[in-house]
Amino acid sequence: MDFAFSDNQIMIRDSVRDFAEKELLPKYQYWDRTGEWLTPEYIQKIVDMGLLRLRLPEKYGGEGYSFVDCGIVCEEIGRADHQIRYIISNAIHLGEMASSLHPELQEEWIPRIANGEMMSLAFTEPRGGADAGNIVTRAKRDGDHWVLNGEKTSITFTGVSKVVFVSARTGGPGPRGLSFFCVPTDTPGLSTTNFERMGQKLDRGGSMFFDNVRIPARNMVGKENEGFIWAMTIIGYNRNFVPLACIGAAQKSLEETMDYLKQRQIMGKSASQWQGVAQELAICATQLEAARMLCYKALSLKDKGLRHDAESSMAKWWGVKVANEVLYTCMRLNGHYGWAKDLPHEQRLRDCLGMESADGPREVHLGIIARDILGREYAPF
Ligand SMILES: Cc1cc2nc3c(=O)[nH]c(=O)nc-3n(C[C@H](O)[C@H](O)[C@H](O)COP(=O)(O)OP(=O)(O)OC[C@H]3O[C@@H](n4cnc5c(N)ncnc54)[C@H](O)[C@@H]3O)c2cc1C
């Protein structure tokens, strides 16, 4: 077993950290406070850094990153601006989807996303997101077209994405009756609304309404009625990117908090020299390292083509939980400053708390792990 990053991975980590600290971190609190959307110049920096081409096909300038490499990028981006991870992981998903897209759709959408246009992925519906196999949005075949009707909600980049990859029922009940479609967001019949959330302002969460949205038959992604299995296979790895970005944010807060506590004098000595404080910091460091290892183990299994569903679920629920606990501890150890909006800890906590639900709540992941350790016949689902 090898627990060390390769020389190339260390280079990726250092260069992305350097970029993110210089270009993304200074704007992190600005986007949250103003509610403004990213400027074209800001997006261009992400494009120029190659972060939207990590796993695209070679002919579109793909960088050939492994999943572990991509995890490193997500962790480093999370240190600076947790929200930007979504843009990067969506581009990774597009790379995974590419071979399932009609060649004309590949030609149209891959360069656009690689050049900084936004895309959305829409599974969740108002009646529930955790049970993603039982959606009610419908797609009906009409000659050379599909016609979509239904509603999706809590969708990242609603209102700013140019294309949405959406699940809809094309067959019988359950996960084996679903297909995926590529829908340009300016298609007639598609409308959106945004809602306010406590964090991740850039995420632009909102609802998408499909009212007789008519798209060419070639816009089906992958095979009819195989959409759910296909989607779960191609984005299962995302359950590691989500916690890694939270771990990155928590690690950054921990480092800032340690710097502060070394300087802060409490009754004649550094705050960090009080044993209770030092132990809390040591516990935070231990938890983050253990959570990080779970994520990279699962991604390394994915790179080797091995099963990684239980490992990814462990990484998702526990990694997000640990990161949020560390962020809360950091806020507390910074005293009243930690709770103030001048410091980024409270925003990081607000941003990362949402990740408890995103990509499945912990109960779903505990169910997946239980199925793995108990066997399907003795597990809840
Ligand atoms: C920041 C953010 C970004 C998101 N972006 C997207 C996006 O881009 N696209 C998209 O499609 N969705 C997105 N989502 C939605 C997300 O995927 C859903 O929140 C998630 O799937 C859970 O669905 P739900 O919130 O409807 O909760 P529900 O499915 O209603 O579940 C509610 C609660 O019930 C419990 N529960 C659910 N299932 C089980 C079970 N099997 N066993 C035991 N208890 C259970 C859990 O406590 C859960 O929190 C995003 C969410 C957030 C917070």
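Scroll up to find the structure.
Predicted, not measured: the structure shown is a model, and the values here were computed from it. (Residues numbered from 1 in each chain as written. Predicted model: local features only at pLDDT ≥ 70, side-chain atom pairs only at ≥ 80, totals over all residues. Heavy atoms only, no water.)

J.: I would appreciate a short explanation of the pairing of strand β5 (residues 178-184) in the present structure.
T.: Regular strands place side chains that alternate from one sheet face to the opposite one. Counting buried positions over the seven residues of β5 gives seven, a clear majority of the element. With burial as the criterion, each face of β5 is covered, one bearing L178, F180, C182 and P184 and the other bearing S179, F181 and V183. Pairing of β5 with strand β8 (residues 220-221) involves two bridges; the strand directions are antiparallel. For F180, the partnering residue across the bridge sits in β8 and is V221. (Buried < 20%, exposed > 50% of the residue type's maximum accessible area, 1.4 Å probe, protein only. Helix = DSSP H or I, 4+ residues; strand = E, 2+ residues; numbered from the N terminus. Pairing = 2+ DSSP bridges.)

J.: Help me understand the pairing of strand β2 (residues 138-142) in this model?
T.: For β2 and strand β3 (residues 145-155), the ladder comprises five bridges, and the chain directions are antiparallel. Across the sheet, residue D142 finds its bridge partner in β3, namely H145. Linking β2 to β3, which pair antiparallel, is a turn of two residues; within it G143 sits at a positive phi near 60 degrees.

J.: Any chance you could explain the packing of helix α4 (residues 67-80) against helix α9 (residues 275-303) here in plain terms?
T.: Between two packed helices, the angle of one axis relative to the other and the distance separating the axes together describe the packing. Contact geometry of α4 with α9 gives a least axis separation of 8 Å together with a crossing angle of 150 degrees. Of α9, the residues touching α4 (which contributes F67, V68, G71, I72 and E75) are R292, Y296, L299, S300, K302 and D303. Class assignment of the residues belonging to the contact of α4 with α9 gives a composition of five nonpolar, two polar and four charged. (Axes fitted to C-alpha atoms, helices over the stretch in contact; angles between N-to-C directions. Contact = heavy atoms within 4.5 Å. Nonpolar A, V, L, I, M, F, W, Y, C, P; charged D, E, K, R; others polar.)

J.: How should the site of the ligand be read in this particular structure?
T.: Around the ligand there are 23 residues in total, and L121, F123, T124, G129 and E363 lie nearest to it. Backbone polar atom of F123 to an oxygen atom of the ligand: 2.7 Å apart, as the coordinates give it. In the model, a nitrogen atom of the ligand is placed 2.7 Å from a nitrogen or oxygen of the T124 side chain. In the complex, the protein chains occlude 65% of the 970 Å² of accessible area that the ligand would expose alone. Of all the elements in the fold, those that place two or more residues in the shell around the ligand are β1 (118-122), β3 and α13 (362-374). Taken together, the residues that form the shell around the ligand break down as 11 nonpolar, eight polar and four charged. Each of domain 2 (120-224) and domain 3 (236-378) accounts for three or more of the residues forming the shell around the ligand. (Near = heavy atom within 4 Å. Polar contact = N/O pair within 3.5 Å; in protein donor to acceptor, adjacent residues only side chain to side chain. Areas by Shrake-Rupley, 256 points an atom, 1.4 Å probe, with all protein chains shown as cover. Domains from an automatic or database assignment.)

J.: Quick question: what am I supposed to make of the environment of I369 here?
T.: Position of I369 relative to the elements: it lies in helix α13. The class of I369 is buried, set by a relative accessible area of 9%. A C-alpha to C-alpha distance of 36 Å links I369 and G116, two positions 253 residues apart in sequence. Leave out the neighbours within four places in its chain, and I369 touches A310, S313, M314 and W317.

J.: When you look at the nonpolar core in this model, what are you seeing that I'm missing?
T.: Soluble, globular proteins show a tendency: their nonpolar side chains are buried together. One finds L24, V73, I77, I84, I88 and F165 to be the most contacted residues of the largest nonpolar core, which totals 87 residues. Leaving out residues up to four positions away in the same chain, I77 has contacts with V16, A20, L24, L51, H82, I84, R85 and I88. With 16 residues, the next largest nonpolar core counts I155, A168, F210 and M220 among its residues. (Core = buried A, V, L, I, M, F, W, Y, C linked by side-chain atoms within 4.5 Å.)

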